[in-house]
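# Coordinates in review
What follows is each chain in one-letter form.
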Amino acid sequence: MSASLDRFLAEKLAAGGRSAWTRSPIVAQRASPGRAVIDGRERLLLCTNDYLGLAVDPRVVDAARQALDAFGAGSRAARSLAGDTELHQALERELADFKGVEAALLFGSGFSCNSSVIAALTRAGDVVVSDELNHASIVDGCRLSAAAARVYRHGDLVSLEAALRQSGSASKRMVVTDAVFSMDGDIAPLPGIVDLAERHDAFVMLDEAHATGVLGPGGAGSLEHFGIEGGVAVLMGTLGKALGSVGGFIGGSRDLIDFLAANARSFLFTTSLPPAAAAAALASLRILRAEPERVERLWRNARRLHAGLGELGFRVAAEPAAILPIFTGEGEASGLSAALYERDVVAQAVAAPYVPPGSERVRLIASAAHSSDDVEAILSAFAELAPGGRRPLDGPTAD
């Protein structure tokens, strides 16, 4: 190793650049709906993106197992060479139908969707206008693009319009935003964003990683949630959250998908999604469409957690959401997380670089996999740690 690299690493690690994950990994020995065996004990999970409990659904696991038997462990090539299967194509067709778009295209991850697609759709002379709290993959996509980037204040339509006005001379303008913001759980004001984009001749790219399977009565995402038809040219989503698998996708017009299949570098130059992952996502999507009550159960649990935590005196967001941050004082989040772990509840502390310095929190993620008894058990664990001492709970609130 070179002396210059040694110095660089020493300086960065001394300044707090070492990952907390490498110091205290949580390793699951076995998983079940809403739970995992960790350190020899079964614990309730409030830290995964398995919103609908599909990652361990027997039907999903069986679909993946059958694909392993039929196609093997890997796809063996990029899609455009020899890494395509009937499973990839079927999943793309059903994702497009689910999202109400003409076509869809699979990627190896949601991160690679954003980092590659933003760069593919923009060039020098264009402007990308991005919410200041957008996911790191969007930030990296903006950096990879030759377009100029403008950042608007989080969820602020006045700030967005100002950024669009300032970029009036651009050849093209893209507005890109998360649908649901991954650390705060709040929802982007999509109707206003679409309206501003239309008025300023811009197009919208919407990251629905935390909206697919979560928002809308049928879990179809933000457009269903707001009752919007059209207005979003580029829909991005992941298979690794509510759909319980791994991978990402872009949905949009047939022309958009044809263009990206020939120009998005993270699609062209990487081995395609393993067939087992595609089969698992396809099975999950079919279950979601057949069982939309899972989405309601997710929100019922989220509402109960939000109400119960508020009753106990924890600082939570004003509105219930599937992502529920508990805001703590400086240095307190890790202690709360550790105390919950001792009570068999796994809820991760989140600090920089995931959130700005000084805004650390314990980030909870609700799941349809939890029963009402599970939710009450979780709240009982929090009650023992409530600010000012243990507080009683009044019981479940009305939905």
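Refer to the structure above for everything that follows.
Bear in mind that the values here come from a model prediction, so they are computed numbers and not experimental data. (Residues numbered from 1 in each chain as written. Predicted model: local features only at pLDDT ≥ 70, side-chain atom pairs only at ≥ 80, totals over all residues. Heavy atoms only, no water.)

Before going further, it helps to examine the overall build of the chain. A count of helical and extended segments in the chain gives 15 helices and 15 strands. Here the C-alpha radius of gyration of the chain, 22 Å, is about what a compact globule of 399 residues would show, namely 21 Å. Along the longest, intermediate and shortest principal axes, the C-alpha atoms of the chain span 60 × 55 × 50 Å. Taking all 399 residues of the chain together, the buried fraction comes to 51%. Pairs at least 24 residues apart make up 69% of the contacts formed inside the chain by residues separated by at least 6 positions. Put simply, the chain shows about 18,100 Å² of open surface, and 52% of that area lies on carbon and sulfur atoms. (Helix = DSSP H or I, 4+ residues; strand = E, 2+ residues; numbered from the N terminus. Rg over C-alpha atoms; globule rule 2.2 N^0.38 Å. Buried < 20%, exposed > 50% of the residue type's maximum accessible area, 1.4 Å probe, protein only. Contact = heavy atoms within 4.5 Å. Areas by Shrake-Rupley, 256 points an atom, 1.4 Å probe, with all protein chains shown as cover.)

Below, the discussion takes up empty space enclosed by the protein. With the rule as written, the count across this model stands at one cavity of 30 Å³ or more. Reported here for the largest cavity is a volume of approximately 60 Å³. Within the residue set of the lining of the largest cavity, elements represented by two or more residues are β4 (103–107) and α11 (265–268). Each residue belonging to the lining of the largest cavity can be placed in one class, and the counts come to four nonpolar, five polar and one charged. (1 Å grid on protein atoms, 1.4 Å probe; cavity = no way out; pocket = protein on both sides within 12 Å on 5 of 7 lines; lining within 4 Å. Points joined across faces, edges and corners; volume = space filled by probe spheres on them. Nonpolar A, V, L, I, M, F, W, Y, C, P; charged D, E, K, R; others polar.)

When you line up the elements, Ala 78 lands in the loop between α3 (58–71) and α4 (86–99). Note: C-alpha distance between Ala 78 and Ser 222 (144 residues apart in sequence) is 31 Å. If we ignore the near neighbours within four places in the chain, the residues touching Ala 78 are Gly 83, Leu 268, Thr 270, Thr 271 and Ser 272.

For the structure shown, the criterion picks out 25 salt bridges. In this structure, Arg 35 and Asp 374 form a salt bridge, with 2.6 Å as the shortest nitrogen-oxygen distance. Here the residue Arg 35 occupies a position in strand β2 (residues 35–38), and Asp 374 occupies one in helix α15 (residues 372–383), the gap between them amounting to 339 residues. By relative accessible area, which is 22% here, Arg 35 ends up partly exposed. (Salt bridge = Lys/Arg side-chain N within 4 Å of Asp/Glu carboxyl O.)

Listing the buried residues of helix α14 (residues 333–342) in full gives Ala 333, Leu 336, Ser 337, Ala 339, Leu 340 and Tyr 341. Of the residues trailing α14, Asp 344 is marked for its positive phi of about 65°.

A word on the packing of aromatic side chains. Summed over all chains, the structure comprises two aromatic pairs. Note that Arg 43 overlies the ring of Tyr 341, its terminal NZ or CZ placed 4.0 Å from the centroid. (Phe/Tyr/Trp six-rings, centres within 6.5 Å; stacked < 30°, edge-to-face > 60°. Lys NZ or Arg CZ within 6 Å of the ring centre and 35° of its normal.)

Moving on to the side chain of Ser 284. Of note, Ser 284 is situated in helix α12 (residues 275–290). Classification of Ser 284 as buried rests on a relative accessible area of 0%. A distance of 2.8 Å separates a polar side-chain atom of Ser 284 from the backbone oxygen of Leu 243. Excluding its chain neighbours within four sequence positions, the residues that come into contact with Ser 284 are Leu 54, Val 60 and Leu 243. (Polar contact = N/O pair within 3.5 Å; in protein donor to acceptor, adjacent residues only side chain to side chain.)

Here we come to the packing of helix α7 (residues 157–166) against helix α8 (residues 190–199). Packed helix pairs are specified by the crossing angle of their axes together with the interaxial distance, meaning the distance between the axes. Axis separation between α7 and α8 bottoms out at 10 Å; the angle between their running directions is 20°. In terms of orientation, α7 lies roughly parallel with respect to α8. Here α7 runs over α8; the crossing is right-handed. Residues Leu 157, Leu 160, Glu 161 and Leu 164 of α7 lie in contact with α8, whose contacting residues are Gly 192, Ile 193, Leu 196, Ala 197 and Arg 199. (Axes fitted to C-alpha atoms, helices over the stretch in contact; angles between N-to-C directions. Parallel < 35°, antiparallel > 145°, perpendicular 65-115°, else oblique. Left-handed = near helix turned anticlockwise from the far one by under 90°.)

A few words now on the sheet that holds strand β13 (residues 345–346). Taken together, four strands build an open sheet; the order of strands is β1-β2-β3-β13 and the sheet is mixed. In this open sheet, the two edge strands, each paired with only one partner strand, are β1 (28–32) and β13. Pairing of strand β3 (residues 41–45) with β13, which is carried by two bridges, proceeds in the parallel orientation. Residue pairing for β13: Leu 44 is matched across the bridge by Val 345. Along the sheet face, α15 touches β2, β3 and β13 and points at about 95° away from the line of β3. (Pairing = 2+ DSSP bridges.)

With that out of the way, let us pick up the sheet that holds β4. Read across the open sheet, the seven strands follow the order β4-β10-β9-β8-β7-β5-β6; overall the sheet is mixed. If you trace the sheet from one side to the other, it starts and ends with β4 and β6 (148–152), each paired once. Averaged over all neighbouring strand pairs, the angle between strand axes comes to 20°, with direction disregarded. Strand direction decides the pairing type here: β4 and strand β10 (residues 248–252), joined by five bridges, are antiparallel. The residue of β10 that forms the bridge with Ala 103 is Gly 252.

With that settled, consider the state of the cysteines. The full count for this structure, using the stated rule, is zero disulfides. In this model Cys 113 remains outside any disulfide bridge; the closest cysteine sulfur is found in Cys 142, 15 Å from its own. (Disulfide = S-S within 2.5 Å.)

What follows deals with a nonpolar patch on the surface. A cluster of nonpolar side chains, namely Leu 5, Phe 8, Leu 9 and Leu 13, defines an oily patch on the protein surface of about 320 Å² accessible area. For Leu 13, the location among the structural elements is in helix α1 (residues 3–14). (Patch = residues over 30% accessible without salt bridge, like charges linked within 9 Å, V, L, I, M, F, W, Y side chains within 5 Å.)

Once that is clear, we can look at α7. Along α7, the residues classified as buried are Ser 159, Leu 160, Glu 161, Ala 163 and Leu 164. Where α7 is buried, its residues touch β5 (127–131), β6, β7 (173–178) and α8. Where α7 begins, the side chain of Asp 156 points an oxygen toward the backbone nitrogen of Val 158, at a separation of 2.9 Å.

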